[in-house]
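Structural overview for review
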Amino acid sequence: MKNIKTLWVTLILAVSGAFFILGFFGQEVYRQAPPIPERVLTESGRVLMTSEQILDGQQVWQSIGGQQVGSIWGHGAYQAPDWSADWLHREATTLLDIWSQAENGNDFGELPAEERAALEGRLKQRLRTNSYDSESGDLVISADRERAVALTADHYRALFSDVPEYDALREDYAIHSGAIKDPERLERLTNFFFWTSWACVTERPGKSYTYTNNWPHEPLVGNVPTASNIVWSIVSILILLGALGGLVWYHAAKKKDDEPAEMPRRDPLGKIELTPSMRAVAKYGVTAILLFAVQVLLGAVTAHYTVEGDSFFGVPLAEYIPYAITRTWHIQLAVFWIATAFLATGLFLAPIISGHEPRFQRLGVNVLFGALLVIVIGSMIGEWLSIQQKLSLDTSFWFGTQGYEYLDLGRFWQIFLFAGLLIWLTLMMRCLVPALKKAKASKSLLALYTGSVVAIGLMYGAGLMYGARTHLSVAEYWRWWVVHLWVEGFFEVFATGVLAFLFSRFGLIRMKSATRAFLASTIIFLVAGIPGTFHHLYFSGTPVSITAIGASFSALEVVPLVLIGFEAVQTLRMERRADWMTTYKWPIRFFVAVAFWNLVGAGLFGFMINPPVALYFMQGLNTTPVHAHTALFGVYGLLSLGLILFMFRRLTGERPWRDRALLLSFWSMNGGLALMVLLSLLPIGLLQTFASVEHGLWFARSSEFLQSELIETLRWLRIVGDTIFLGGVASLVWFMVGLKTGWSYSESEPEPEPEALKPDLGAA
């Protein structure tokens, strides 16, 4: 037990230190965020826009889908341009043409090389010079830049309205006609776009790099990788190699674990009596599968919009549910169904862990289920109303969409969801606290599992720390608390605890070994993952210190993944240690697939875009959805499906399953995901990376590049993987329906299990 106590002390110190780093440097995000000018003035004193109008524009951007319509500072959707990069390039080229016409009578592109070089030098000096006065809050721009800004704004006003000349470009960008109908809202949107671009090209006071650390890559204005981007990339790789070497040395030198536990003759969970609340959890699993099916169908529609921006195989579907809505629903439903599966697993296991059913537990489970349905349906309706511009800006933020990826649902629904998580936390603690009091050998394991439950219940509240008009850099900081820490962090700790508990209860591993493994993996993951949150914020208007911390710690997140192959083999062997383990064949197979995608999706594809200099060129390209799909579905999606299958394996009793549909589903989903990535997303992302390095991000995200013949072909090829994947989903749905109708059961009946082998629930 001494070793376990040491691990506990290490965990407490490591997590405390990690959160201290996240909070301490989070202050720097607030303090050094790009300023929003009180007024933007011309040299003659004419006011072009105010801070209030810029923030109004931010709300307009949120109301039309925000990060689901193009991106800002690299965060968001990948079909339309990154508006900050696109504005910057358009303003720069417009300004060059204005100067060239005034001084030479020709467009900039028609000038000799020497004269172009002279104007480009002037452009860098003018745009990069910081003319913001921190005392008055005024930003002064020249008359010629004012004209360039006005002409650039005209382009976006036409694009987001219904000007017929822009129909083709809107189709390329998958933006529906008349996305913004109010002229004032159109004006405010351009104010916001100007400010985000200004932060990208304006140097910080006393520095030689911009507020966004010279992102995006735009050689025309001198935006190239900074020294810190390159140096901290090298440091992160050295840290990774050193940590990998240390891990290999540690595992080679350490003593062998305890001898394998003695396998029970029968399934220890086979005769556990299902309580009313455990049976009530079944509808959570069914709902999660249904939401999953709807989510992947929306994903197919969203992917098709990249080749037919305003229709679905000729059907004008975008008139009713445009790209911004389908992508919003697609991503939000992913979070909903995965979270539902995790919450259901907790509620299902709670009475098993406790050994008893608290009074009114079933009622609480049903109330929570009703709340989840209201949140899902209500938030989707609100998002549709917002993106169709049927709500005021404030109402849109509260009941429509916040416009932030993965946190799209309106603030009212977000608070409602947080309340639901608190209800779940209460239901869980009613079972876990009594179990902790009477537990002996499993006390440490239960304590850590309980801690992960508390973290899941409370950490989502970080998403309430910003408002509709909060500075974009600050909102991004808190958004990643939820996306990175809540989803990628504590959900993973919770899942590790679930598997540790199940395998120890099955008798596959000793309780002491399970506890040590749970503690060690949690330490490694959280000490890297908590400060590693900053790797999402390299170019979001944050200082260099964020790059240093994010690059150094996030490199360590890859370290535990090198042992994933060993973990997968060990998990697969679990199935062969006893005949009765074949009952759990498919949950175990899904857990093995999770291990594979953890290595490939989270590890390989994650680190591909992780070093600052790599992300500098790749942020906002299709290399990001490569990582997102293989990590979010490959890890959390497949894990959720494995947990659902485990629950239904117990809910359906000892009746043997006819598992051909599961066989087809398993290989179709995994094979379809691999083909989706290898045939389409990854090649497009790599081609975009070449374009970004050679020409700049604006070109890699431009209609000219994305609608080229090669890219169009690669997009059409995605239909191969998508179709196979959809077949796997359909097969899973068929199997789940068969659990109700009977066609998913084989005719043979299992041998009755002696009543004497019924386990003691209180021994948890």
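Here the structure is shown first, and the text comes after it.
Throughout what follows, the structure given in this document is the object of discussion. (Residues numbered from 1 in each chain as written. Predicted model: local features only at pLDDT ≥ 70, side-chain atom pairs only at ≥ 80, totals over all residues. Heavy atoms only, no water.)

1. Overview of the overall build of the protein
- Secondary structure assignment for the protein yields 26 helices and eight strands.
- Here the C-alpha radius of gyration of the protein, 27 Å, is about what a compact globule of 764 residues would show, namely 27 Å.
- Oriented by its inertia axes, the alpha-carbon framework of the protein measures out at about 95 × 55 × 45 Å.
- Considering the protein as a whole, with its 764 residues, one finds that 61% of them fall into the buried category. (Helix = DSSP H or I, 4+ residues; strand = E, 2+ residues; numbered from the N terminus. Rg over C-alpha atoms; globule rule 2.2 N^0.38 Å. Buried < 20%, exposed > 50% of the residue type's maximum accessible area, 1.4 Å probe, protein only.)

2. Quick word on the pattern of salt bridges
- In total, this model carries 20 salt bridges according to the counting rule given.
- Its salt-bridge partner being Glu28, residue Arg31 comes within 2.7 Å of it at the nearest N-O pair. Remark: Glu28 and Arg31 occur in helix α1 (residues 2-31); sequence separation between them is three residues, near one turn of the helix.
- Looking at Arg31, the relative accessible area reads 59%, which means it is exposed.
- The partner of Glu654 in a salt bridge is Arg650, and the shortest N-O contact between them spans 2.7 Å.
- We classify Glu654 as partly exposed; its relative accessible area is 33%.
- With relative accessibility at 7%, the residue Arg650 sits in the buried group.
- The network of salt bridges with common partners includes Glu52, Asp56 and Arg469. (Salt bridge = Lys/Arg side-chain N within 4 Å of Asp/Glu carboxyl O.)

3. Concerning the pairing of strand β7 (residues 401-404)
- Pairing geometry for β7 and strand β8 (residues 407-409), over two bridges, is antiparallel. Its bridge partner being in β8, Thr401 is matched across the sheet by Leu409.
- Hairpin connection between β7 and β8: a loop of two residues separates the two successive antiparallel strands, and Tyr406 in this loop has a positive phi of roughly 75°. (Pairing = 2+ DSSP bridges.)

4. Quick notes on the side chain of Gln79
- Along the polypeptide, Gln79 turns up in the loop between β4 (75-76) and α3 (83-104).
- The exposure class of Gln79 is buried, given its relative accessible area of 2%.
- A polar contact is formed between the side chain of Gln79 and the backbone oxygen of Thr306, at a distance of 3.4 Å.
- A polar contact of 2.8 Å, which involves the side chain of Gln79, links it to the side chain of Arg715. (Polar contact = N/O pair within 3.5 Å; in protein donor to acceptor, adjacent residues only side chain to side chain.)

5. Overview of the sheet that holds strand β2 (residues 47-50)
- Strand order in the open sheet formed by four strands is β2-β1-β6-β5, and the pairing between neighbours is mixed. At either end of the open sheet lies a strand with only one pairing partner, and these are β2 and β5 (132-133).
- As paired elements, β5 and strand β6 (residues 138-141) share two bridges and run antiparallel to each other. If you follow Tyr132 over to β6, its bridge partner there is Leu139.

6. So, empty space enclosed by the protein
- Per the counting criterion, the structure on display carries four cavities of 30 Å³ or more.
- Its boundaries defined by the atoms lining it, the largest cavity holds a volume of some 80 Å³.
- Considering the residues around the largest cavity, the lining is formed by 14 residues, among which Val69, Ala174, Ile175, His176 and Ala324 are closest to the centre.
- Grouping the constituent residues of the lining of the largest cavity by class yields ten nonpolar, four polar and no charged. (1 Å grid on protein atoms, 1.4 Å probe; cavity = no way out; pocket = protein on both sides within 12 Å on 5 of 7 lines; lining within 4 Å. Points joined across faces, edges and corners; volume = space filled by probe spheres on them. Nonpolar A, V, L, I, M, F, W, Y, C, P; charged D, E, K, R; others polar.)

7. Points about the nonpolar core
- Trp83 and Phe160 are the most contacted members of the largest nonpolar core, which totals 227 residues.
- For this core, the element with the most residues is helix α16 (residues 472-506), which contributes 22 residues.
- Among all residues touching Trp83, those that are not within four sequence positions of it are Val69, Gly70, Ser71, Ile72, Tyr156, Leu159, Phe160, Tyr173, Ile175 and Phe193. (Core = buried A, V, L, I, M, F, W, Y, C linked by side-chain atoms within 4.5 Å. Contact = heavy atoms within 4.5 Å.)

8. A short note on the environment of Tyr132
- Structurally, Tyr132 is set in strand β5.
- For Tyr132, the contacting residues outside a window of four places in its chain are Pro35, Pro37, Gly137, Asp138, Leu139 and Trp198.

9. Some details on the packing of helix α11 (residues 323-354) against helix α22 (residues 623-651)
- Their axes nearest at 9 Å, the elements α11 and α22 cross at an angle of 40°. Put simply, α11 runs oblique to α22. Between α11 and α22 lies a crossing whose hand is left-handed.
- When grouped by side-chain class, the residues that make up the contact of α11 with α22 number 18 nonpolar, three polar and one charged. (Axes fitted to C-alpha atoms, helices over the stretch in contact; angles between N-to-C directions. Parallel < 35°, antiparallel > 145°, perpendicular 65-115°, else oblique. Left-handed = near helix turned anticlockwise from the far one by under 90°.)

Read these as geometric descriptors, not functional statements.
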